[in-house]
Amino acid sequence: AYVKDMSVTSLLDAIVAKGSAVSGGDVLLVSHGTIEGLDLNLTKKSQVKLQGRALEALVENASGGLGDFETARILRTTVDALSVLKEKMAKVRALSINRLELRCCLLGDGPRYLDLTRVFFGASSACAPDVLNAIGAFTSKSQPTSNPKVWSAWLKGHPRATVETLAPGRFAWWRPRAGGL
């Protein structure tokens, strides 16, 4: 299911809404990621992502190893907001996901955080790429070039562009802020 306004809470809601279709089965999740977890804000308003210390804190809290006040402090949220997130997390974990297929960059290169992500979702197993990964259609309005002047002009007009590898075989991509991912 496509999740509009993607955040961890909206993702958990979408998984729970699938209910029996997910229970004991596999889940495919396409998202941005890092070696420390998913590049998803916990809520639409939160700037804290499900990665690094935040991911560790949520998993520790769910197992009783970290208290609610300390977890809320790490997540930069309230205990009430944490309770809502924990309730959603518990509902997903109760579905006993068999395999969590993650299509996000690099998470497979961070085995500790890949396992914490698996535990967060309550899956029996999880896998993710250990390299940069792309899913979807890419379109181009220009022809490939190695001309340094064309590259300089394009990059100047697209300051948030991401450039992969080095010349002469480099590749750049850019996405506008509005719409889509």
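Residues numbered from 1 in each chain as written. Predicted model: local features only at pLDDT ≥ 70, side-chain atom pairs only at ≥ 80, totals over all residues. Heavy atoms only, no water.

Peer 1: Can you help me understand the nonpolar core in this one?
Peer 2: Across soluble globular proteins, nonpolar side chains show a tendency to be buried alongside one another. By size, the foremost hydrophobic cluster in this structure holds 35 residues, and its most contacted members are L38, L50, L102, F120 and F121. Elements with a minimum of two residues in this core: α1 (8-18), β1 (26-30), β3 (37-41), α2 (52-62), α3 (68-75), α4 (79-93), β5 (99-103) and α5 (111-121). Of all the elements, α5 adds the most residues to this core, at five residues. In contact with L102, not counting residues within four places along its chain, are L29, L38, L107, L114, T117, C127, A128 and P129. (Core = buried A, V, L, I, M, F, W, Y, C linked by side-chain atoms within 4.5 Å. Buried < 20%, exposed > 50% of the residue type's maximum accessible area, 1.4 Å probe, protein only. Helix = DSSP H or I, 4+ residues; strand = E, 2+ residues; numbered from the N terminus. Contact = heavy atoms within 4.5 Å.)

Peer 1: Which parts of the structure should I look at to understand the packing of α2 against α5?
Peer 2: The description of two helices packed together rests on the angle between their axes and the distance between the axes. Between α2 and α5, whose axes approach to 10 Å, the crossing angle comes to 45°. Relative to α5, the element α2 is oriented oblique. Two packed elements cross with a definite hand, and for α2 against α5 that hand is left-handed. In this structure, α2 contributes G52, L55, E56, L58 and V59 to the contact, and α5 contributes R112, Y113, L116, T117, V119 and F120. (Axes fitted to C-alpha atoms, helices over the stretch in contact; angles between N-to-C directions. Parallel < 35°, antiparallel > 145°, perpendicular 65-115°, else oblique. Left-handed = near helix turned anticlockwise from the far one by under 90°.)

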